Number of protein chains: 2
Amino acid sequence: MIITKAGRRMFPAMRVKMTGLDPHQQYYIAMDIIPVDNKRYRYVYHSSKWMVAGNADSPVPPRVYIHPDSPASGETWMRQVVSFDKLKLTNNELDDQGHIILHSMHKYQPRVHIIRKECGEELSPVKVIPTGDGVRAFSFTETVFTTVTAYQNQQITRLKIDRNPFAKGFRDSGRNRMGLEALVESYAFWRPSLRTLTFEDIPGMTKQDGWNRILWWLLSFIKTDWKILTSYQQR
Amino acid sequence: MIITKAGRRMFPAMRVKMTGLDPHQQYYIAMDIIPVDNKRYRYVYHSSKWMVAGNADSPVPPRVYIHPDSPASGETWMRQVVSFDKLKLTNNELDDQGHIILHSMHKYQPRVHIIRKECGEELSPVKVIPTGDGVRAFSFTETVFTTVTAYQNQQITRLKIDRNPFAKGFRDSGRNRMGLEALVESYAFWRPSLRTLTFEDIPGMTKQDGWNRILWWLLSFIKTDWKILTSYQQR
DNA sequence: CACTTTACACCTAGGTGGTAAGAT
DNA sequence: ATCTTACCACCTAGGTGTAAAGTG
């Protein structure tokens, strides 16, 4: 995932569907991003792999992205897909825009928090999320990512350009972009287990959310495990 | 003020500075827009005046614009200028976007509401604002406006084009737009009392807010009281 | 005739990766 | 060598008044 000084969105954005909330209870929804391990990585081109390159850098100031619809009732949260598309990542440890601060070349995993609102309680974008009875956290292994300041891998770049509307200017104008269906098929050829990851298998998941999860999966798959490509135009 | 089916912003937007709130108390800030009288108007070109053209149309569904930062602490509200620039007006009585519904060719006045948040209370965009001990309403006579679907008066059009960044494409490219200082001077020549309306006279008012209030004042002045111009290119 | 609606060119505002220069 | 930064062209998204067509 690209991180910049000014702050950069994640793509694709995390989108989650809530169930089982108390319709009349007020909740905050928040996201933080935690290190997957204590390592720093570098990308090795000849093997197309991320490899450990030492221990993690010193911790950064903790930040929490409070979903802008917070607080809202369980009913409101459950009626919609909750999208984190406005969340931004930065590598600026002195950031004062409330963005989430991360180290480049490290592995991270987003966490979604559901926090029951007690009267008078206050949630802060710069404090660690409290733990307790009314707080639950969820994370999804397919959303693990590696931070970079420039893409290390042409396949990641291609997926981003093909799927992110804001990168349309970089698409090959010659032919239509590859549909995600076809993309999944081609990846599945090399990695049969991916065949099972279709949204039809996940009850209650909409088509759009399904594609987002598949895309997440592809991205993490390519970053950590891609074996086909041996030459890279990009450094 | 222009109203459309899809919803149109007010320009200039209302911007208010809060004082005297309890820093630790939570408040909603909201706006509604109430009829100034029970009349319908038409614009008479030869006299450059809005004139009564019958009684008001039947009432529209009541709508409230809840400021998107709501709820927030008194401290938060007082730290910033509270801007209502995302509020939209519509003439569509079946609107489902939560915009404020108004009749065209009527006179209206925005009201700002400060609502102390009690635990468990809920504020709705489609309900009338409650009255009670923790609720206060403010309105400013210089923000009275007349609704239209197309401008009736070339001077209003010119002020909007000159001051609204989104209308830059319609500005005379030949000369620089008239500074608001010069604008006020020229209007004051015909209406000496306007001279007194400068932001320096209003304690605690920032320059930017001052210009906004003067602009509001100019707009209502022109609409209701302009006597200089006798010919209109625009119908 | 007196308004209202629609399609449009032209803006603001801001999200993309590319590219070349900078930093260590 | 390796990673980061600043600037850029090219997009999306949406706020303007205009002009012409629509409405009753």
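As the structure is a computational prediction, the values presented were derived from the model and not from experiment.

Student: Which residues make up the overall build of chain A, and what are the values?
Tutor: Of regular secondary structure, chain A possesses four helices and 13 strands. Looking at chain A as a whole, 46% of its 235 residues are labelled buried. Considering only contacts in chain A between residues 6 or more positions apart, those separated by 24 or more positions represent 75%.

Student: Which residues make up the protein's contact with DNA strand C, and what values go with them?
Tutor: With respect to spatial proximity, 21 residues lie near DNA strand C, and among them Arg8 and Tyr151 of chain A together with Asn91, Thr149 and Lys168 of chain B are the closest. For DNA strand C, the backbone makes up 74% of the atoms found within 4 Å of the protein, where backbone means sugar plus phosphate. Contacts to DNA strand C include arginine 8 of chain A, whose side-chain N or O atom sits 2.4 Å from a base nitrogen. One of the side-chain N or O atoms of asparagine 91 of chain B is found 2.7 Å from a phosphate oxygen in DNA strand C. Among the secondary structure elements, those contributing two or more residues to the surface near DNA strand C are β1 (8-9) and α2 (154-163) of chain A.

Student: Describe the sheet that holds strand β9 (residues 88-90) of chain A, and please don't skip the residues or the numbers.
Tutor: Residue and element names in this part refer to chain A. Read across the sheet, three strands follow the order β1-β9-β10 without closing on themselves; strand pairing throughout is mixed. Strand pairing shows two members of the sheet lacking a second neighbour, β1 and β10 (100-101), which therefore form its edges. The sheet contact formed by β1 and β9 spans two bridges and is antiparallel. Note on β9: the bridge partner recorded for arginine 9 is lysine 88.

Student: Can you explain helix α2 (residues 154-163) of chain B? Please cite residues and give values.
Tutor: All names here are of chain B. When you tally the buried positions in α2, you get nine out of 10 residues, the bulk of the element. Considered for burial, the residues of α2 that qualify are Gln154, Gln155, Ile156, Thr157, Leu159, Lys160, Ile161, Asp162 and Arg163. For α2, the side-chain oxygen to backbone nitrogen distance between the N-cap and glutamine 155 is 2.7 Å, and the N-cap itself is asparagine 153.

Student: Tell me about the protein's contact with DNA strand D, residues and numbers included.
Tutor: Near DNA strand D there are 22 residues, and of these Asn91, Thr149 and Lys168 of chain A together with Arg8 and Tyr151 of chain B occur at the shortest range. Considering DNA strand D, the proportion of its atoms within 4 Å of the protein that are sugar or phosphate atoms stands at 74%. One of the side-chain N or O atoms of tyrosine 151 of chain B is found 2.7 Å from a phosphate oxygen in DNA strand D. Between phenylalanine 166 of chain B and DNA strand D, the recorded distance is 2.9 Å, taken from a backbone N or O atom to a base nitrogen. Elements that contribute at least two residues to the surface near DNA strand D include exactly β1 (8-9) and α2 of chain B. Looking at the surface near DNA strand D residue by residue, the classes come out as eight nonpolar, six polar and eight charged.

Cut-offs and rules
- Residues numbered from 1 in each chain as written.
- Chains lettered and ligands numbered in written order.
- Predicted model: local features only at pLDDT ≥ 70, side-chain atom pairs only at ≥ 80, totals over all residues.
- Heavy atoms only, no water.
- Helix = DSSP H or I, 4+ residues; strand = E, 2+ residues; numbered from the N terminus.
- Buried < 20%, exposed > 50% of the residue type's maximum accessible area, 1.4 Å probe, protein only.
- Contact = heavy atoms within 4.5 Å.
- Near = heavy atom within 4 Å.
- Polar contact = N/O pair within 3.5 Å; in protein donor to acceptor, adjacent residues only side chain to side chain.
- Pairing = 2+ DSSP bridges.
- Nonpolar A, V, L, I, M, F, W, Y, C, P; charged D, E, K, R; others polar.

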